2 protein chains.
Amino acid sequence: MPVPEVEPGKTRPGGRTARVRAAVLDAAGDVLAEQGFAHLDLAEVARRADVGKTTVYRRWGTVANLVADLLLDMAEQSSPRTETGSLLGDLTANARLVRRTLTDPRQGALFKAVIAAATSDDRTAEALRRFYDTRIDEWAPCVRQAVDRGELPPGTDAREVIRAVSAPLYYRLLVGGGALDEAAADRAAEAAVAAARAGAYRGGGDG
Amino acid sequence: MPVPEVEPGKTRPGGRTARVRAAVLDAAGDVLAEQGFAHLDLAEVARRADVGKTTVYRRWGTVANLVADLLLDMAEQSSPRTETGSLLGDLTANARLVRRTLTDPRQGALFKAVIAAATSDDRTAEALRRFYDTRIDEWAPCVRQAVDRGELPPGTDAREVIRAVSAPLYYRLLVGGGALDEAAADRAAEAAVAAARAGAYRGGGDG
DNA sequence: TCCTAAACGATACTGGAGTTCCGTTAGTCT
DNA sequence: AGACTAACGGAACTCCAGTATCGTTTAGGA
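Remember, it's a predicted structure, so these values are computed and weren't measured experimentally.

## Here we look at the overall build of chain A
Each helix and strand in chain A was counted, giving 9 helices and 0 strands. Beginning at the N terminus, the succession of helices and strands in chain A can be written as α-α-α-α-α-α-α-α-α. For chain A, the spread of C-alpha atoms along the principal axes amounts to about 60 × 35 × 30 Å. Sequence separation of at least 24 residues holds for 67% of the intrachain contacts in chain A that already meet a minimum separation of 6. As displayed, chain A has an accessible area near 9,600 Å², and 49% of this comes from carbon and sulfur atoms.

## What to know about the confidence of the model for chain A
Taken residue by residue, chain A gives an average pLDDT of 90. The fraction at 70 or more is 94%. Under a pLDDT of 50 for its full length, residues 1–5 of chain A has, in the predicted model, 1 contact with residues more than four places off or in other chains.

## Considering the interface of chain A and chain B
Each partner contributes residues to the interface: chain A has 34 residues there, and chain B has 34 residues. Interface area, chain A with chain B, both sides summed: about 2,800 Å², of which 69% is carbon and sulfur. The largest contributions to the chain A side of the interface with chain B come from A:Thr119, A:Tyr171 and A:Val175, which together make up 21% of the buried area. At the surface where chain A touches chain B, the tally comes to 4 salt bridges. The closest approach of N and O atoms between A:Glu160 and B:Arg187, which form a salt bridge, is 3.5 Å. In this assembly, chain A and chain B are joined by 3 residue pairs in polar contact (both at pLDDT 80 or more). Residue assignment for the side of chain A that touches chain B shows that the elements contributing at least two residues are α6 (105–120), α7 (122–149), α8 (158–175) and α9 (182–197) of chain A. Counting residues per element, the side of chain A that touches chain B draws most heavily on α8(A), at 10 residues.

Cut-off values and rules
- Residues numbered from 1 in each chain as written.
- Chains lettered and ligands numbered in written order.
- Predicted model: local features only at pLDDT ≥ 70, side-chain atom pairs only at ≥ 80, totals over all residues.
- Heavy atoms only, no water.
- Helix = DSSP H or I, 4+ residues; strand = E, 2+ residues; numbered from the N terminus.
- Contact = heavy atoms within 4.5 Å.
- Areas by Shrake-Rupley, 256 points an atom, 1.4 Å probe, with all protein chains shown as cover.
- pLDDT = per-residue confidence, 0-100.
- Buried area = accessible area lost by both parts, 1.4 Å probe.
- Salt bridge = Lys/Arg side-chain N within 4 Å of Asp/Glu carboxyl O.
- Polar contact = N/O pair within 3.5 Å; in protein donor to acceptor, adjacent residues only side chain to side chain.

The following block contains the structure:
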């Protein structure tokens, strides 16, 4: 792959360039959701996006790059966090949001595909890590508030608690083990709260 | 793909056939561990296994099939569970075993690859699910013993507790969020015990 | 030990993913 | 408005993963 001095789309990001990017990312999402990461080929994405095959190969080049860009695009659309006043309420809201996302036909398949891509490409893995860092940062404050209220022991690692809510849901999505229903989401939140109360997440990073 | 009436390797499983299977699975594991699921091609596996390319395509046909067979092979080698007498001790032992497996260069990469393959192929997903069912069944008894001892509330879903130990470790392996060190393993076990004590895993399936 | 055919493997072939070339379209700047 | 060139896109090409063919080896049974 001949590396261009400046990658396309940077010096003239407006108009057509932006339209092409949007169309390609949209089509890529569709294909990933329908067929999974393994059967994704850029030619088909180009066809669906009504865009020249050459363009897709020039701007993204590999499946991994395309997926990484898709992830970047997804990270920009943030869904606001709800505040219920109690830790269990907040984490349950988070767990249900995650569950709803993962069980949505398009989004769920997309996440599976993105995670699969990240297992064999370092740049995609990095993009994925950043995506979740952003998401987790949005929710961490509710844990810190709980610490301030005295619901949780001081020194509790807020981000670790948020991850603890998601972990069992992703586990079900990727390796199985029961339905990904609302009861599972509620249980994930409940378990995270119980573990945090018991001090299992003390001592980590930020408090 | 012309489906044969009887798939190769079933009517004459001895001698050469078995040697070929072992060599191919071994080579496949190496390639998966080194390059990941995305860049796996059967021709290279054949080359490494010192086996005809035709043979690999005839017996396995697709990457997903090969990975599923590899998984079947892995499921047969069971590592015995240790008994420490306390729930936290048992689950910590389990968490550390899982962590050691996932951080081992070959095994860890292999698990990543297998999970990635399962995201886009139903048969691989089914094989993966069975693999974990077996593993989890091996460890579930220690939770039931804890229930009998009165350490956990009656009605606790044993398999769900075991999954709760693994979930955060797999989450770290696949989507990131901190090092996969022994402290993380110990924390996973501690959190699972705390959540189980609080009754977060009551009401599920077997008790 | 000998026979049958299951399974292997070397070789040649094919289709399509990814690349290159070059002409066309249209964003951006003055 | 006009010039400049970034970015797009059609078409032809390359290369190799996956397939087909057919002869060779060897497992399993008599």
